[in-house]
Amino acid sequence: MPNVSHDTLHGFLPGRPKALNRALGLLGLGIPPGVTTEPLPTDASGAPKMFTRHMDSVLRVVRPDGRDPFILLLEAQSGIETKKETSWPYYVAYLRDRYKLEVVLLVLCVDTATAAWAARPLSTGVGRPTQVTVPHVLGPCNVPRLSQVQEAAADLDFAAFCLWIHSNDPDIEGILTVVGEALAQDADREARDDLAGLIEDGLGSKHAREIWRNLMRTLFTPRRGTIVGDARLAGQEEGREEGREEGREEGRVAGKAEQLLRLMERRGFPMTEETRQRVTTCTDMPVLDLWFDRAIDATTLDEVFAAPSATDRIPAPAQSPEQTGIPSRGPKVPGSSTD
């Protein structure tokens, strides 16, 4: 299975111009190095009442001489997904119409089968094509597999990008070791540690994460017995505990959202993509609890999603097993009575 985070893959290059320039250079489009970028909205819904459509990353790219700017649409693809065969042409047409600029669709893939599928021309028409969309693809076949520490050290951001693209390589341990040793040479300790953490966040494979953590313990851990070292180690432990608690809370929220979707399906409510998005993107546990309680007896979705009224009691957040003491009540709606 692909072992790189979807959001990391498409969200990394936009904020790192040097690495983005090198990635564009791999496409053979004749784009000179030194381009600058501006992030653009990723909502391609088109109209308020249409289903929500979100692109991954969208950039306005300006060449060094300022001429011929274009739109770069970055899509991360971890597997074959047939619905993209219609959504990608839509995104290109939408961006071309909105910004009146040429559009380059670049799909980032972490395995060769997905890359081959993504590179196919997408056409529609009768007799002859009315519209043809040909994505550009960066994947294991055309992104360099870094094997030399000095090569990786020359551009650490680009090395991290290459690492993620090759995250399915059978010798992932060797690749991680090369990048880790290159990163250890960086004199900017803060930037080094930030990139090391980001690399770990982007690795979805438990095996790859464990290799990377072992490397970080060997190469990056500050020495104990010094004021700075002890303080940083204490801060790392505190951060890890906060991260674990955040992960547990995210799991509880995701579980409640899944329960709510199943309940609404069993009740026969129309489950549109917009409805699913509304439920799965809600991170407020008390609100999800309120929607769940309403969905038990409601006859319409409007009743489920209505704003809280004076008669509603928003359930208190669920307490985790690690928490002790008297559970706190949920947010109080103005005008509501207490027990």
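Predicted, not measured: the structure shown is a model, and the values here were computed from it. Starting afresh in each chain, residues are numbered from 1 along the sequence in its written order. Reporting in this predicted model follows two pLDDT cut-offs: at least 70 for local features of residues, and 80 or more for side-chain atom pairs to be given and counted; totals over whole chains, interfaces and linings ignore these cut-offs and use all residues. Side-chain metrics in this entry use all non-hydrogen atoms of the structure; hydrogen atoms and water are not considered.

Quick look at the pattern of salt bridges
Salt bridges are counted wherever a side-chain nitrogen of Lys or Arg sits within 4 Å of a carboxyl oxygen of Asp or Glu. Under the definition given, this model contains 15 salt bridges. Note that Asp-155 is salt-bridged to Arg-22, the shortest N-O span being 3.8 Å. Pair noted here: Asp-155 is in the loop between helix 5 (149-153) and helix 6 (156-165) and Arg-22 is in helix 2 (residues 17-25), with a separation of 133 residues, a long-range link. A salt bridge links Lys-84 to Glu-75; the nearest nitrogen and oxygen atoms lie 3.5 Å apart. Accessibility here uses a 1.4 Å probe with only protein chains present; expressed as a share of the type maximum, an area under 20% marks a residue as buried, one over 50% as exposed, and anything in between as partly exposed. Exposure remark for Glu-75: the relative accessible area of 2% places this residue in the buried category. Within the structure, one salt-bridge network assembled from shared partners comprises Glu-75, Glu-81, Lys-83 and Lys-84. Secondary structure elements are defined from DSSP: runs of H or I of at least 4 residues count as helices, runs of E of at least 2 residues count as strands, and each element is numbered from the N terminus.

Quick notes on the packing of aromatic side chains
In this description, an aromatic ring pair is defined by two values, namely the gap between the centres and the angle between the planes. What counts as a ring pair is set by centres within 6.5 Å for rings of Phe, Tyr and Trp (its six-membered ring), and what kind of pair is set by the plane angle: stacked under 30 degrees, edge-to-face over 60, tilted for all other angles. Evaluation of the coordinates by the stated rule reveals 6 aromatic pairs. With 4.8 Å between their ring centres and 85 degrees between their planes, Trp-291 and Phe-305 make a pair best called edge-to-face. Linking Trp-291 in helix 12 (residues 285-297) with Phe-305 in helix 13 (residues 301-305), this pair joins segments that are 14 residues apart in sequence. Assessed through its relative accessible area of 9%, Trp-291 is described here as buried.

Description of the pairing of strand 2 (residues 57-62)
The criterion for strand pairing is that DSSP finds at least two bridges linking the strands in question. Two elements, strand 1 (residues 36-39) and strand 2, share 4 bridges in a ladder whose sense is antiparallel. Residue pairing for strand 2: Thr-36 is matched across the bridge by Val-62. Sheet topology note: the strand 2/strand 3 (residues 70-77) ladder contains 5 bridges and is antiparallel. Counterpart to Leu-59 in the pairing with strand 3 is Leu-72.

With respect to the side chain of Arg-192
Relative to the assigned elements, Arg-192 resides in helix 8 (residues 189-202). Residues within four places of Arg-192 in sequence aside, it is in contact with Leu-183, Ala-184, Asp-186 and Phe-220. Note on contacts: a residue pair qualifies if any of its non-hydrogen atoms lie within 4.5 Å across the two residues.

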